[in-house]
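# Structural characterization, general
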Amino acid sequence: MATETLTNTTAFLGACDKPSEVKDEHKFPNLPAFPSDIPIAPLHRLSLALLRSSPDESWRLFQSCKDLGFFYLDLRGDPEGEKLLDEANQFFDLAPKFYNLGRDELQKYDYKSRGSYMGYKGFGSAVVDEKGNLDRNEFYNIPKDDFLSISKEPFAHPQLLYDNQSLIISYIRHSHALVTDILSHLNTHLHLPPSTLQDLHTLSQASGDQIRMIKSPPQPASDLRTSLGKHTDFGSITLLFNRLGGLQILPPPLLVPEGKEPEWTYVKPLPGHCIVNLGDAMVKFTGGVLRSNIHRVVSPPGKQGKETRYSVVYFSRPGDEIPLRALSGGDVIPKGEDEETMSAKDWILLQAMRLRKVDGVSEEERKKLWEESGRGA
């Protein structure tokens, strides 16, 4: 498929697309359609198949990572992409069964008290805004290192995950391979020595890589709130699959018409695509050349808001001991000043845990937690 940009609810059709085909591909079976009258974010649609051979498509990827840090990636028509799509669909089948284990059972696998963000995060256990409101989702982080036998002291997980270990391992490997492909394109355009970025993200080194399964139940129509507070991702590259709206981005000023202020805008899920976005580590590695854009999750729009929203995410992070600082060796990344840096492990742990200290905490104290996080009003 030719590269497209989706904006203002319109898909700019490629020469080989027929309107009826585009209309059908923007729907998920057995779910309400995304409303046609709601503006959507101007994400480029890139093709994994084209990225294998097209320098122009590779350049568009680089531009997307500089301008917005978000893009759609069409996985259809590519053998590895098709495998990842199939496995993502299997996770959507698995998620309801997993959460049917119940919160009491899953709570046994909350490892916050052990200083880890892996495992289960319960509903309403993190601050999401300046008012001190709590989140309206639950999720489970499945560590790459536990399932690839890298962890020295792996956590225990529900038996249902061990029963699906082959799926988990294959999904990790295919997701990581896609991340490596993206890093390879970025490495080329940043004029870095061969494999610089890839070597910071090898599959075999200990890292915070994880699969996350998220469940967000319908919210009361009279009390719609943010499900996941505004943030930038902490790691390097995120691969997101979802079927219902809810994800919103706040576009940077350069993508907003002159004279208008940036507004929160929905990202419409597209069948056959994953949503790719960059995290803070890529900003630090490139001295700000690449962008990690702010985003949040709210209730799905229209009739979709009556459905339970599941998401499947792969977070790619640098190796635990990698320092987060501007890379040298190329002529694109500006030379950074010598300064104290944090390791990837310490940075991600700090960001992942700072808003989860809510047990026995008052609303005023939750407001202070949000203020101290630096995420603003």
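Refer to the structure presented above.
Below: a short report on this structure. Quantities reported herein were computed from a predicted structural model and do not represent experimental measurements. (Residues numbered from 1 in each chain as written. Predicted model: local features only at pLDDT ≥ 70, side-chain atom pairs only at ≥ 80, totals over all residues. Heavy atoms only, no water.)

On to unusual backbone geometry. A positive phi is found at histidine 191, a non-glycine position, where the angle reads about 55°. Looking at the element boundaries, histidine 191 is found in the loop between helix 8 (165-189) and helix 9 (196-199). Overall, histidine 191 belongs to the partly exposed group, its relative accessible area being 46%. The backbone of serine 195 shows a phi angle near 65°, a positive value even though the residue is not glycine. Among the secondary structure elements, serine 195 is positioned in the loop between helix 8 and helix 9. (Helix = DSSP H or I, 4+ residues; strand = E, 2+ residues; numbered from the N terminus. Buried < 20%, exposed > 50% of the residue type's maximum accessible area, 1.4 Å probe, protein only.)

The geometry of helix 3 (residues 55-67) relative to helix 8 is characterised by a closest axis approach of 10 Å and an angle of 85° between their N-to-C directions. Compared by their axis directions, helix 3 and helix 8 come out roughly perpendicular. Contacts between helix 3 and helix 8 pair Ser58, Trp59, Leu61, Phe62 and Cys65 from the former with Ile182, His185, Leu186 and His189 from the latter. Taken together, the residues that form the contact of helix 3 with helix 8 break down as six nonpolar, three polar and no charged. (Axes fitted to C-alpha atoms, helices over the stretch in contact; angles between N-to-C directions. Parallel < 35°, antiparallel > 145°, perpendicular 65-115°, else oblique. Contact = heavy atoms within 4.5 Å. Nonpolar A, V, L, I, M, F, W, Y, C, P; charged D, E, K, R; others polar.)

Turning next to the environment of glutamate 80. Considering the arrangement of structural elements, one finds glutamate 80 in helix 4 (residues 79-99). For the pair glutamate 80 and serine 175, spaced 95 residues apart in sequence, the C-alpha to C-alpha distance is 9.5 Å. Discounting chain neighbours no more than four positions away, the residues touching glutamate 80 are Arg52 and His174.

Roughly 570 Å³ of internal volume is contained in the largest pocket. Together, 20 residues line the largest pocket, and Asp145, Ser151, Phe155, Asp320 and Lys345 are the ones closest to its centre. Among the secondary structure elements, those contributing two or more residues to the lining of the largest pocket are helix 6 (144-147) and helix 11 (344-353). Grouping the amino acids of the lining of the largest pocket by side-chain chemistry returns eight nonpolar, five polar and seven charged. (1 Å grid on protein atoms, 1.4 Å probe; cavity = no way out; pocket = protein on both sides within 12 Å on 5 of 7 lines; lining within 4 Å. Points joined across faces, edges and corners; volume = space filled by probe spheres on them.)

Turning next to empty space enclosed by the protein. According to the stated counting rule, one finds five cavities of 30 Å³ or more in the structure shown. Surrounding the second largest cavity, 19 residues form its lining, Ile214, Leu228, Leu240, Val297 and Val313 being those nearest its centre. When contributions to the lining of the second largest cavity are tallied by element, the ones reaching two or more residues are strand 7 (210-216), strand 8 (228-231), strand 9 (237-242), strand 13 (295-297) and strand 14 (309-316). Per-element tally for the lining of the second largest cavity: the top contributor is strand 14, with four residues. For the lining of the second largest cavity, a count of residues per class yields seven nonpolar, nine polar and three charged.

With that settled, consider the sheet that holds strand 11 (residues 265-266). Across a sheet, paired strands are connected by hydrogen bonds in the backbone, their directions being either parallel or antiparallel. Across the sheet, which stays open at both edges, the four strands sit in the order 8-13-10-11 with antiparallel pairing between neighbours. The sheet terminates laterally at strand 8 and strand 11, the two strands that pair on one side only. Inspection of the sheet shows strand 8 paired to strand 13 by two bridges, in the antiparallel sense. Of the residues in strand 13, the one forming a bridge with histidine 231 is histidine 295. (Pairing = 2+ DSSP bridges.)

Following the criterion strictly, the structure yields eight salt bridges and no others. Here aspartate 78 makes a salt bridge to arginine 52, at a shortest N to O gap of 2.9 Å. Residue aspartate 78 is located in the loop between strand 4 (70-74) and helix 4, and its partner arginine 52 is located in the loop between helix 2 (48-51) and helix 3; the two are separated by 26 residues in the primary sequence. By relative accessible area, which is 5% here, aspartate 78 ends up buried. (Salt bridge = Lys/Arg side-chain N within 4 Å of Asp/Glu carboxyl O.)

The subject of this paragraph is the packing of aromatic side chains. For the structure shown, the criterion picks out seven aromatic pairs. Where tyrosine 111 meets phenylalanine 155, the ring centres are 4.4 Å apart and the plane angle is 25°; that geometry is what we call stacked. Highlighted residues: tyrosine 111 in the loop between helix 5 (103-106) and strand 5 (119-121) and phenylalanine 155 in the loop between helix 6 and helix 7 (159-163), separated in sequence by 44 residues. Residue classification places tyrosine 111 among the buried positions, given a relative accessible area of 6%. (Phe/Tyr/Trp six-rings, centres within 6.5 Å; stacked < 30°, edge-to-face > 60°.)

Counting 85 residues, the largest nonpolar core has Leu73, Phe91, Leu186, Leu197 and Phe241 as the members making the most contacts within it. For leucine 186, the contacting residues outside a window of four places in its chain are Leu61, Phe62, Cys65, Leu197, Met282 and Leu290. Formed by five residues, the second largest nonpolar core is a distinct cluster that contains Phe34, Ile38, Tyr266 and Val298. (Core = buried A, V, L, I, M, F, W, Y, C linked by side-chain atoms within 4.5 Å.)

Okay, the pairing of strand 4 next. The buried fraction of strand 4 amounts to five of the five residues, a majority that puts the element mostly inside the structure. Neither face of strand 4 is open: one carries Phe70, Tyr72 and Asp74, the other Phe71 and Leu73, and all of them are buried. When strand 3 (residues 43-47) meets strand 4, the two strands line up parallel, connected through three bridges. Counterpart to leucine 46 in the pairing with strand 4 is leucine 73. Two strands pair when backbone bridges link them, and strand 4 and strand 12 (residues 273-278) are joined in this way by five bridges, in the antiparallel orientation. Within the sheet, the bridge partner assigned to phenylalanine 70 lies in strand 12 and is asparagine 277.

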